[in-house]
Amino acid sequence: IPVNSSPTDTLHFTNLGAGNEVGRSCHIIQFKDKTIMLDAGVHPAYSGQASLPYYDEFDLSEVDILLISHFHLDHAASLPHVMQKTNFKGRVFMTHPTKAIYKWLMSDFVRVSSAGGEVDQLYSEAELSKSFESIEAVDYHSATVVNGIKFTAYHAGHVLGGAMYFIEIAGVKILFTGDYSREEDRHLNVAEVPPERPDILITESTYGTASHQPRIEKETRLTNLITKTVQRGGRVLMPVFALGRAQELLLILDEYWARHPELQHVPIYYISSLAKKCMAVYQTYIHTMNPAIRAAFSKRNPFIFQHISSLRSLDRFDDIGPSIMLASPGMLQNGNSRALLEKWCPDEKNLLFVTGYSVDGTMAKNIMNEPSEITTLSGVKVPRRMAVEELSFAAHVDFVQNRDFIDAVDARHVILVHGEQTNMGKLKSALLSKYSALKGTDDEKFIWNPKNCDTLDLEFKSTKIA
Ligand SMILES: [Zn+2]
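What this report covers is the structure whose coordinates are included nearby. What you see is a predicted model; the values in this text were computed from it and never measured.

What counts, and where the lines are drawn
Residues numbered from 1 in each chain as written. Predicted model: local features only at pLDDT ≥ 70, side-chain atom pairs only at ≥ 80, totals over all residues. Heavy atoms only, no water. Helix = DSSP H or I, 4+ residues; strand = E, 2+ residues; numbered from the N terminus. Donors = N, O, S within 2.8 Å, 3.2 Å for Na, K, Ca; no water. Tetrahedral: all angles 85-135°; square planar, octahedral: opposite > 155°, others 65-115°. Buried < 20%, exposed > 50% of the residue type's maximum accessible area, 1.4 Å probe, protein only. Pairing = 2+ DSSP bridges. Arc of directions from axis to C-beta. Contact = heavy atoms within 4.5 Å. Polar contact = N/O pair within 3.5 Å; in protein donor to acceptor, adjacent residues only side chain to side chain.

### Some remarks on the environment of Ser-124
Stage number 1. Tracing the chain through its elements places Ser-124 in the loop between helix H3 (96-115) and helix H4 (125-133).
Stage number 2. Considered as a pair, Ser-124 and Ser-107 are 17 residues apart in the sequence and their alpha carbons are 8.7 Å apart.

Next up, the structure:
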């Protein structure tokens, strides 16, 4: 690390989660007596206390501000715990749509995680509502200053309300991507390159050096496989997170069914206790979505689907004949998607279609190896004959999109987070070789992939805090 002749200050970066893993995102930045926390998630492969970031390793009372990038559980679900059950006393910010959806999602999270009679519940409904009141909502592109820390939210794509944060402390500039996407989809704005160049970029590395198929090809493959399955009398299970990417898949399927009358006798279900409540949020925040869907909205609300029925629970589902079912949770850990998997997996006519990113240690990840049997939640072994397909609609950047974004942002220091160790390692090598010619020059790039709880120290020439 180059040392400047003028006095420097040390910036400390520590992952409390999502360091060489996907899950429990939480990052701490300390510089000039200011402390920023980024995200407060849980790990989807664990439950209760074990799913938390390593909060014990840091004095949360030091945190000035906590910024939440988006509403997914691995970025936001431990927030009520932080706010109500620790010595944290900072201010919490998220975008308006994130806050609106967060409320319903977390209450669903509390309900689902207490359903199994789990004693190790992280927080109660009452603690959740109490925390909700003190969360502050911010608009995109509008700077907020708290105690000498300035930050601005930019569009991140990924899900409704998804934000990247551009942060400035004492002249040092940092961009945190959260989860982001750069590919145009049906309803979201793609991630923006902020107008200013940051010194540090903290970016996701979910897909490492893998590449996605073009969107058109993916959609064709999705609709072809679904058509083939229902035509032979099979059922299609699509595990999805309660909301977010599910809306994009619903838009694709609703449009496809409208164009194919011969398929319209096959029902498509979206089973979610949140569907109704969240529809209202999607309608309210249509102005934060992309121009295509805003134009469609002027004719009719595209989120009022013509060929998809919402189901509040599986009790109301008559399982007769072929059907398509979008059910949560997305990684088949428990709940409706798991119940349907256990019921449908012995029949070879059926299809499991995984469209999200599956975290190590979850059923969705394990079933990708096409085991000959699976163990039900009640401990019974059932044969697995249903077909298994994976096609990413997860709205994370692939290698080329991530590399080009990193290049456009042009930060001196790139810190990789939110990726399994192997994927992250491959991305790091690819970036190092891309920038190898700059090694030893003034423009040298530094690529970091710190483990959880290891602190990365970076030297900066700082300006005086006003
Ligand atoms: Zn996400």
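### A look at the coordination of the zinc ion
Stage number 1. At this site the zinc ion is bound by His-70 (NE2), His-72 (ND1), His-158 (NE2) and Asp-179 (OD), with donor distances of 2.1 to 2.3 Å.
Stage number 2. Here the zinc ion is ringed by four donor atoms whose angles at the metal span 92 to 168 degrees, and the overall shape comes out irregular.

### Concerning the pairing of strand E10 (residues 172-176)
Stage number 1. With five of five residues buried, E10 lies mostly within the body of the structure.
Stage number 2. Every second residue of E10 is oriented toward a common face, with Val-172, Ile-174 and Phe-176 on one face and Lys-173 and Leu-175 on the other, all of them buried.
Stage number 3. Sheet analysis places strand E9 (residues 163-169) next to E10, joined by five bridges and oriented antiparallel. Bridge pairing in E10 links Glu-168 to Lys-173.
Stage number 4. Hairpin remark: E9 followed by E10, antiparallel, with two residues in the connecting loop; positive phi at Ala-170, about 45 degrees.

### Quick word on helix H11 (residues 399-409)
Stage number 1. Listed in full, the buried residues belonging to H11 are Phe-399, Gln-401, Asn-402, Phe-405, Ile-406 and Val-409. End-on view of H11: buried residues confined to an arc of 170 degrees, all on one side of the axis.
Stage number 2. Tucked into the core, H11 has its buried residues touching E9, E10, strand E11 (200-204), strand E20 (413-417) and helix H12 (421-434).
Stage number 3. Among the residues of H11, the N-terminal cap falls to Asp-398, whose side-chain oxygen and the backbone nitrogen of Val-400 are separated by 3.4 Å.
Stage number 4. Positive phi appears at Asp-410, one or two residues downstream of H11, with a value of about 65 degrees.

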